[in-house]
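Read off the chains here:
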Amino acid sequence: MDINLLYWKNEGKTFLSRLRLWFNILDPSSFDPKLFNGSVHYDLIMAFILISDLFLQSSVHAGTGAILPAVFRPQGTWLINILFIFLQVVASFLPHSGVKPALFWQFLLQSYSAGFNHANRNTSSDKGIKTSLKQGLLIVGSVAYATCAGAIPQIVIQRLSMSSPAVQMFFRSVLPIPLSASLAYFNVVIVRSEESENGIQVFDSNGNSVGISQAAGAKAVKETALSRAALLGTSAAVPNLLIFLLQKARFLQRSPLLVAPIRHISTAIVLGLMIPVSFSLYPQLGTIKKEKLEKELETAAVSGELFYHRGL
């Protein structure tokens with residue numbers, strides 16, 4: 001059986017076990033980019049996994065064993081993790097002096113999200129073919145669309161000169177919550193649309209390849225998109241709820257300038273905590289029931305279900 005398949009099948013059965021694994025995987029003390037230079041043969045990587053399971057699970061692609069770009073590894077480095085949190089806070093919550101800064105920060109955030117989603121997709125049906133022109137255009141288009149949509153709150157406030165406190169509160173504190181979640185979901189669905197269209201590889205309980213399933217591909221993309229929406233939606237909602245509850249506190253009434261730092265710091269903390277939580281919402285090794293498979297694959301599902309790599 002494939003070592004990745006065996007690992008996630010045995011270790012990722014419950015949410016808490018997956019959460020524990022991801023907290024270990026995301027521990028930056030286990031990251032050393034000097035260990036990998038260029039490409040490494042898949043068999044060597046699999047052998048080294050036996051020695052250092054957690055480290056390599058975050059450094060190589062779960063389905064192919066290919067080395068992931070350092071900037072798009074789920075573990076990454078403290079600098080990369082802080083950069084992502086900084087992009088989310090600045091792009092979505094800080095008031096900008098104009099439309100251009102808002103678009104600039106949203107572009108960086110959406111571009112990084114698209115790159116991460118593309119690098120961590122399921123590539124089992126690619127057959128060695130590089131990203132198609134169609135998929136490349138879809139990725140560029142999704143980044144452009146999400147950049148403009150993500151800057152809508154700042155654009156409305158700046159262009160329409162909204163001065164009402166209630167309206168400004170809506171666009172700065174309320175709208176970013178569903179907007180962040182929706183754009184995160186949209187980004188995954190578009191960037192990984194080839195998995196739904198072409199299908200992904202499914203396995204039996206012994207890890208033997210059974211075939212390519214579009215139904216499994218669509219399920220994998222949907223689960224990942226929902227986990228990403230939970231990540232950014234929660235990171236937007238909790239800090240705003242915290243500020244709402246603290247507004248009547250005396251120390252905030254005396255020092256209203258503390259509101260912005262509290263919001264931004266709490267956003268960074270919640271986002272940092274939600275990264276492993278969102279990665280743990282669905283198993284890395286997904287399952288799909290026999291009745292939901294294509295007819296030609298149903299007979300192979302002896303135990304009533306098949307397995308697939310969800311991607312990240």
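For clarity, every value in this text was computed on a predicted model and none was experimentally measured.

## Observations concerning the overall build of the protein
1) Next: Secondary structure assignment for the protein yields 15 helices and 4 strands.
2) Next: Taken over 312 residues, the protein has a buried fraction of 48%.
3) Next: Pairs at least 24 apart in sequence give 68% of the contacts found in the protein among residues at least 6 apart.
4) Next: Of the roughly 15,300 Å² of accessible surface on the protein, 66% is carried by carbon and sulfur atoms.

## Describing the confidence of the model for the protein
1) Next: Mean pLDDT over the protein: 76, with 71% of residues reaching 70 or higher.
2) Next: The secondary-structure element of the protein with the lowest mean pLDDT is helix α3 (residues 42–49), recorded at 39, while helix α10 (residues 176–191) shows the highest, at 92.
3) Next: Low pLDDT, under 50, characterises residues 31–56; the stretch is placed with 41 contacts to residues that sit more than four places away or in other chains.

## Focus: the side chain of T224
1) Next: Mapped onto the secondary structure, T224 falls in helix α12 (residues 214–246).
2) Next: Using a relative accessible area of 0% as the deciding quantity, one classes T224 as buried.
3) Next: Polar side-chain contacts of T224 include one of 2.9 Å to the backbone oxygen of A220.

## Concerning a nonpolar patch on the surface
1) Next: Taken together, the side chains of F23, I265, I269 and L273 make up a nonpolar region of the molecular surface, amounting to roughly 400 Å² of accessible area.
2) Next: Examining the composition of the nonpolar patch, we find that 3 residues originate from one element, helix α14 (residues 259–280), more than from any other.
3) Next: Mapped onto the secondary structure, I269 falls in helix α14.

Rules behind the numbers
Residues numbered from 1 in each chain as written. Predicted model: local features only at pLDDT ≥ 70, side-chain atom pairs only at ≥ 80, totals over all residues. Heavy atoms only, no water. Helix = DSSP H or I, 4+ residues; strand = E, 2+ residues; numbered from the N terminus. Buried < 20%, exposed > 50% of the residue type's maximum accessible area, 1.4 Å probe, protein only. Contact = heavy atoms within 4.5 Å. Areas by Shrake-Rupley, 256 points an atom, 1.4 Å probe, with all protein chains shown as cover. pLDDT = per-residue confidence, 0-100. Polar contact = N/O pair within 3.5 Å; in protein donor to acceptor, adjacent residues only side chain to side chain. Patch = residues over 30% accessible without salt bridge, like charges linked within 9 Å, V, L, I, M, F, W, Y side chains within 5 Å. Salt bridge = Lys/Arg side-chain N within 4 Å of Asp/Glu carboxyl O.

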